[in-house]
Amino acid sequence: MTTARAQSALQIAVIGNPNTGKSTLFNALAGMHARVGNYPGVTVEKKIGVIEWDGQPVRLIDLPGTYSLSPRSLDEMVSVDVLLGQQPDVGRVDAVLCIADASNLERHLFLLGQVLDTGVPTVLVLNMWDAALGEGLKIDVRRLEEKLGIPVVATEAHRRQGIEQIPAAVDRAMAAGGHPPTRQFPPEFYDECDRLGAYLESLGESDVPWYLRERLLLDVGGTVEQRFLRQPGGERLADYLRASRERLAAAGFRIPAAEAERRYDWARRLLSDVVTYPAVRRTTLTDRIDAVLTHRIFGLGVFAGLMFLVFQAIYAWAEPLMKLCESGQDFVAGLAAEALPPGPLRSLVVDGVIAGVGGVLIFLPQIMLLFFLIALLEDCGYMARGAFMMDRVMRTFGLSGKSFLPLMSSFACAVPGIMATRVIDNHRDRMVTILVAPLMSCSARLPVYLLLIGAFVPPTEYLGGWVSLQGLVLFGMSSLGLVVAIPVAWLLKRCFFRGEAGTFVMELPDYKLPSPRLVLYRVYERGKAFVLRAGSLIFAATILVWAAGYFPGDHAELDRLEEEVAAVAAHLPEGAAAGHPAVLAWERLRDARNAEGARLMRESWLGRAGVAIEPVVLPLGWDWRIGVGVLASFPAREVIIATLGTIYSLGGEVDEESEGLRGALQAATWPDGRPVYNLPVALSLMVFFALCAQCVSTLMIIRRETNSWRWPAFTFLYMTGLAYVGAWITYQVGMRV
Amino acid sequence: MFSLDSLRPGERGIIAALSGDDPVTVRLLEMGLLPGEVVEVLGVAPLGDPLAILVRGGRLAIRRRDAARIQLQETPPRRPDSAIVLTGR
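None of these values were measured; they are calculated from a predicted model. (Residues numbered from 1 in each chain as written. Chains lettered and ligands numbered in written order. Predicted model: local features only at pLDDT ≥ 70, side-chain atom pairs only at ≥ 80, totals over all residues.)

**Q** What is the right way to look at the overall build of chain A in this model?
**A** Check the secondary structure of chain A and you find 32 helices and 13 strands. Its C-alpha atoms give chain A principal-axis dimensions of about 100 × 60 × 55 Å. Scored against the burial criterion, the 737 residues of chain A give a buried share of 44%. Relative to all contacts within chain A whose residues are 6 or more apart in sequence, the contacts with residues 24 or more apart total 72%. (Helix = DSSP H or I, 4+ residues; strand = E, 2+ residues; numbered from the N terminus. Buried ≥ 20, exposed ≤ 12 C-beta atoms within 10 Å, placed from the backbone. Contact = placed C-beta atoms within 7 Å.)

The following block contains the structure:
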C-alpha cells in the first residue's frame, strides 16, 4: 500500500451498471462489515464497508447501480459528488472500482468513460467472466489494460474468483496517479470546457472540477446545471451555456446526442481488437426461458403463482412467527407484571417498554420473509421480467412495473412494502409508490372491518347465498384504498415530482442461479436496518402514546381494585359455577375495575383530546367515545378494538369476535337515547380506517426511507384529510338514503 | 422509414434517427440505441406493452410510446430461428 496515506483509511468507491453483480462483489469484499446510513437530504442509502487490506484500513463506498453519471436528480448527483470528493460526509475518494458485465462490455464502457473523466484513479472490474466465456466471447484483458491505461481485473464475484487481485490493482491505479485523458470528444468540446472554466471563474466559481464543466455543457436542464444556476450570476450563466452549446452544434457536436455517439464510438474502438465475438449468436438459455416466463398465458400464470407465493409468505407464513413474537411479549409482560407492584412503573414497563419492543419485533418475520423472496427473484433475473409484464397494469397509477411488488406487499403490511420500494431506481416512481403504499388495505385493518361489519351490516344474501352483503362491504372496504390510490398517485406526480421524467427503459438481464450468500446477506441487512434505524422511532412513539393514555389521572383506585381482583381470583374455589357468591363478588370487583379504567381513559390526555374533538367528528356521525378510539388508534389501527373495550367498561382484553364488545356497540346511545351506531356510522368509521394513516410504524419507515420528516408528515396529513372527507361523505350520503 | 414499435417479434431494423431531446431520448441514447445500430424485437409483454428488444448484444425492455421515437431505415434479413448473424463486428 502507498505509505503516504497509510495512517488514515483508503476510501474506494464502487460503481457499476445494475445487474453487473456489483452487490455480490461488494459483499465478497466487505463481508458483513458494512455500515448503512443515509446521505443528508436524499433518499440514497450510504453503505460503507470497513475492511483491511494488508493492515491498511480501507473504506469501501457502495454507490447505487446506474447506467450513467449524468445526474438528473439529487439522488443521482450523490455518486458524482462522492467521486469528486465533494460529499462532505465522505471526503476525498482515493480510487474507484468500476464494475462491468464482461458479457455486455460495450454498453458498460459508457459508464466507465464517464468515470474516467472524473479523474479519480480507476480499476475496471470485468465481472461475470464465466458468463462471457459461456457465450463464446474472448476478451484480451492485457490488451484492454494497455489501451485504457488503467488496471483491468476479471472476476466471478459469486464464486469469489479473481477478487484477490483487486487490492494490488487499486495500488497500481493509485501509484500511476490517475490515467491519461481519454479525449473521447472533439477538440472543440475541450476548448469550450476551458472557456467555461474561465467564465465560471469570472463569476467567482474557481476550480470547478473538469467533470462538472463537462456536465454543465452536456446535460441540458440537468442537476449540475440547476445547481450552478441557483448561484449568483446564474441567469448570465444560462445565456452563456446556450451560446456555448450553439457554438458546439455549429461545429457538428450536437447536444444531447453527441455524448452517447462519441462515448459508444470510443467503446467500440477500444474493443475492436480486444473482444472476439462468436460469429453466430445462438439462441441462449435466457431466450428459451423467456419464451415461457414472459409468454402471454404461461408467463402471466407463473407470475400470478409467484406473487401469490410472496403474498402467502408475508400474510400467512409470517403469522406463526408473529404469534410467537406476541406470545413472547405476553410472557415477558406477565413476568414483569408479577415482579412489579401495580402503579406507574409497572404500566410503563408492561404497556410502554415491552409493548414498544414487541411492536418493533412483530414486523421482523414479514420483512425477512419478503426480502428473502425479493432477493431470490432479483438475483436470478426474474424481478425484471415481473416488472416487464406488469408495466402495462401499473401505468394506470402513472408508475412503472417495478412498483407492482411493493404495492402488492403493502396489502399485507405497508412497512415491508415501503422497504421493498428499493427495487425502484427512478426517484419519482419510488417516492410516489412510498406515498400511496399506506392506502393499500393492510392486514391490520381487517379486525376493524370484521368487528363493525359483524355488528352493523345485516347478513343479507343474494344469488342464492353465493354473495352476501357483509362480504360485499368487506370487499369494498379492502379495495377502496387501491381505487383512491390511482388519482392520488396521478396528483402527486403532477404536483410534487413534476420535473422528473419517469422513463422505463430497463435491462432484462440473463437468468442465473441466485447466490445464497447474497440472498441471506440481504435478509440480514434489511432486518438489521429496520430494527436499528426504524425500531428506535417506533419504540419512542409507543412510549409517548402510552404516556398520553396514562397521565394525568390518579391510578391509585385502579391499582387497588387490580390487586383485589387478583387476590379474589386467586382464592376462587375450584370449579365454582356462575352465580356462586365468590364468583359474583369477583364479577362485581371486575366490573368496578373496568369502570374505573374507563373513567381514567376519559380523564387522560388522550381522552380529553377525544372529548375536545367531538364537534369535529360529529359531522361524521361519531360521538366522543369513537373520537377517543380513533385518536388512540393513530399509533396502530388495530388498537381501536382494545380502546373501545376499555371505554365501554369491558376491560382491554377484547377482540373483534368478542360478543360483549359487539353488544356494547349495538347498545351504545347518545344522551337523548338514540343509538350511536347505525349502518352509516359503521360505514363512515370503516371508510375512515380504510383511508387514514393510523400507523406510526409506517410513518417512521417513510421517514427512514425518504430520509426526511417532510414526507411522513405529508402522508399523515393527506391521508387523514382524505379519511375525514371520505367518512363525511359516507355518513352524509348514508343518512339520506 | 418506420418506427421500432411497428416491428413484430423476430423482425429487425437499423436505427436511422431518434426524435426528441428530452430525458427519455437521452436515456435511450445512453443505453446504446444510436443511429446505425441493429435492433431486433425479441418479444412483447403479455399485455401488449412494453417490448423486449435486443441491441448491442443485450436485452432491454422499452415501452411502445418510447419505441415510436426510434426511426428505422431498412430491414436486415430476418434471422434464422435459432441463430442471428451479427454484422459490423
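**Q** Explanation requested: the sheet that holds strand 4 (residues 56-62) of chain A in the structure shown.
**A** For sheets, the rule is that strands pair by backbone hydrogen bonds, running either parallel or antiparallel. Residues and elements named next belong to chain A. Read from one edge of the open sheet, seven strands run 2-3-4-1-5-6-8, paired in mixed fashion. Two strands in the sheet have a free side with no partner beyond their single neighbour: strand 2 (34-38) and strand 8 (152-154). This sheet shows a mean twist of 25° between the axes of neighbouring strands, independent of strand direction. The sheet contact formed by strand 5 (residues 95-101) and strand 6 (residues 122-127) spans six bridges and is parallel. Bridging across to strand 6, Cys 98 finds its partner in Leu 124. Relative to the sheet, helix 1 (residues 22-30) contacts strand 1 (10-16), strand 2, strand 3 (45-53), strand 4, strand 5 and strand 6, its axis offset from that of strand 3 by approximately 40°. (Pairing = 2+ DSSP bridges. Axes fitted to C-alpha atoms, helices over the stretch in contact; angles between N-to-C directions.)

**Q** What exactly am I supposed to notice about the packing of helix 20 (residues 446-456) of chain A against helix 29 (residues 659-667) of chain A here?
**A** The geometry of a pair of packed helices is captured by two quantities: the angle between their axes and the separation between those axes. All names here are of chain A. Contact pair helix 20 / helix 29: the axes reach a minimum separation of 10 Å and the direction vectors enclose 60°. In terms of their interaxial angle, helix 20 and helix 29 are classed as oblique. In the packing of helix 20 onto helix 29, the handedness of the crossing is right-handed. For the pair helix 20 and helix 29, contact is made by Leu 451, Gly 454 and Ala 455 and by Leu 661, Arg 662, Leu 665 and Gln 666, respectively. Counted by class, the contact of helix 20 with helix 29 contains four nonpolar, two polar and one charged residues. (Parallel < 35°, antiparallel > 145°, perpendicular 65-115°, else oblique. Left-handed = near helix turned anticlockwise from the far one by under 90°. Nonpolar A, V, L, I, M, F, W, Y, C, P; charged D, E, K, R; others polar.)

**Q** Looking at this structure, how should I read the environment of Val 436 of chain A?
**A** Residue and element names in this part refer to chain A. Its place among the elements puts Val 436 in helix 19 (residues 427-436). Since 27 C-beta atoms lie within 10 Å of it, Val 436 is described here as buried. Taking the C-alpha atoms as reference points, Val 436 and Ser 633, separated by 197 residues in sequence, lie 20 Å from one another. Leaving out residues up to four positions away in the same chain, Val 436 has contacts with Ala 485, Val 488 and Ala 489.

**Q** Can you help me understand the environment of Ala 337 of chain A in this one?
**A** Residues and elements named next belong to chain A. Following the sequence through the fold, Ala 337 ends up in helix 13 (residues 298-339). Look at Ala 337 and you get partly exposed, because 17 C-beta atoms sit within 10 Å. For Ala 337, the contacting residues outside a window of four places in its chain are Arg 346 and Val 350.

**Q** What is the right way to look at the sheet that holds strand 2 (residues 12-18) of chain B in this model?
**A** Taken together, the seven strands give an open sheet; going across it, the order is 13(A)-5(B)-4(B)-3(B)-2(B)-6(B)-1(B), and neighbouring strands pair in antiparallel fashion. A single partner strand is all that each edge strand has here, and the edge strands are strand 13 (505-507) of chain A together with strand 1 (2-3) of chain B. The pairing of strand 1 of chain B with strand 6 (residues 70-72) of chain B spans two bridges and is classified as antiparallel. Residue Ser 3 of chain B lies in a different strand from strand 6 of chain B, and its bridge partner there is Gln 71 of chain B.

**Q** I keep staring at the pairing of strand 5 of chain A and nothing clicks. Help me out?
**A** Working note: regular strand, side chains alternate between the two faces of the sheet. Residue and element names in this part refer to chain A. In terms of burial, strand 5 is a largely internal element, seven of the seven residues being buried. On strand 5, burial covers both faces: Ala 95, Leu 97, Ile 99 and Asp 101 on one face and Val 96, Cys 98 and Ala 100 on the other are all buried. Sheet topology places strand 1 next to strand 5; five bridges connect them, and they run parallel. From the neighbouring strand, Ile 12 faces strand 5, where its bridge partner is Ala 95.

**Q** Would you mind going over unusual backbone geometry with me for this structure?
**A** In terms of backbone geometry, most residues other than glycine have negative phi values and most peptide bonds are trans. Residue and element names in this part refer to chain A. Look at the link from Ile 255 to Pro 256: it is a cis peptide, with omega at 10°. Tracing the chain through its elements places Pro 256 in the loop between helix 10 (234-250) and helix 11 (257-271). Residue Pro 552 is reached from Phe 551 by a cis peptide bond, and omega for that bond is 0°. Along the chain, Pro 552 turns up in the loop between helix 22 (516-550) and helix 23 (556-570). A positive phi is found at Asp 54, a non-glycine position, where the angle reads about 50°. Its location among the elements puts Asp 54 in the loop between strand 3 and strand 4. Phi at Met 128 takes a positive value of approximately 55°, unusual for a residue other than glycine.

**Q** What is the right way to read the nonpolar core from this model?
**A** Note on soluble globular proteins: their nonpolar side chains tend to be buried together. Residue and element names in this part refer to chain A. If you look at the biggest cluster of nonpolar residues, it comprises 205 residues, and the most contacted ones within it are Ile 12, Val 96, Cys 98, Val 123 and Met 686. Of all the elements, helix 30 (residues 679-691) adds the most residues to this core, at ten residues. Setting aside chain neighbours within four positions, we find Val 123 in contact with Ala 95, Leu 97, Ile 150, Pro 151, Val 153, Ile 166, Ala 169, Val 170 and Ala 173. Leu 196, Leu 200, Leu 218 and Leu 237 belong to the second-largest nonpolar core, a separate cluster that totals eleven residues. (Core = buried A, V, L, I, M, F, W, Y, C linked by C-beta atoms within 7 Å.)

**Q** When you look at the packing of helix 15 (residues 364-380) of chain A against helix 22 of chain A in this model, what are you seeing that I'm missing?
**A** Residues and elements named next belong to chain A. At a minimum axis separation of 8 Å, helix 15 and helix 22 run at an interaxial angle of 145°. You can see that helix 15 and helix 22 cross each other, and the crossing is right-handed. Along the contact surface, helix 15 presents Leu 364, Ile 367, Met 368, Phe 371, Phe 372, Ala 375, Leu 376 and Asp 379, while helix 22 presents Leu 518, Val 519, Arg 522, Val 523, Arg 526, Gly 527 and Phe 530. Its residues placed into classes, the contact of helix 15 with helix 22 shows eleven nonpolar, one polar and three charged.

**Q** Honestly, the interface of chain A and chain B in this entry has me stumped. Any pointers?
**A** Think of interface size as the accessible area that goes away when the parts come together; that is how it is often given. With 34 residues of chain A at the contact, the number on the chain B side is 35 residues. Elements supplying a minimum of two residues to the side of chain A that touches chain B: helix 3 (105-117), helix 11, strand 10 (280-282), helix 13, helix 16 (382-394) and strand 13 of chain A. When residues of the side of chain A that touches chain B are assigned to their parent elements, the largest contribution, five residues, is made by helix 16 of chain A. Relative to strand 5 (residues 58-62) of chain B, strand 13 of chain A is paired through three bridges, and the arrangement is antiparallel. Counted as the bridge partner of Val 505 of chain A is Ile 62 of chain B from strand 5 of chain B.

**Q** Help me understand the environment of Thr 66 of chain A in this model?
**A** All names here are of chain A. Structurally, Thr 66 is set in the loop between strand 4 and helix 2 (74-83). Classification of Thr 66 by C-beta neighbours within 10 Å gives partly exposed; the count is 19. Linking Thr 66 and Pro 18, residues 48 residues apart in sequence, is a C-alpha distance of 5.9 Å. Residues within four places of Thr 66 in sequence aside, it is in contact with Glu 76 and Ser 79.

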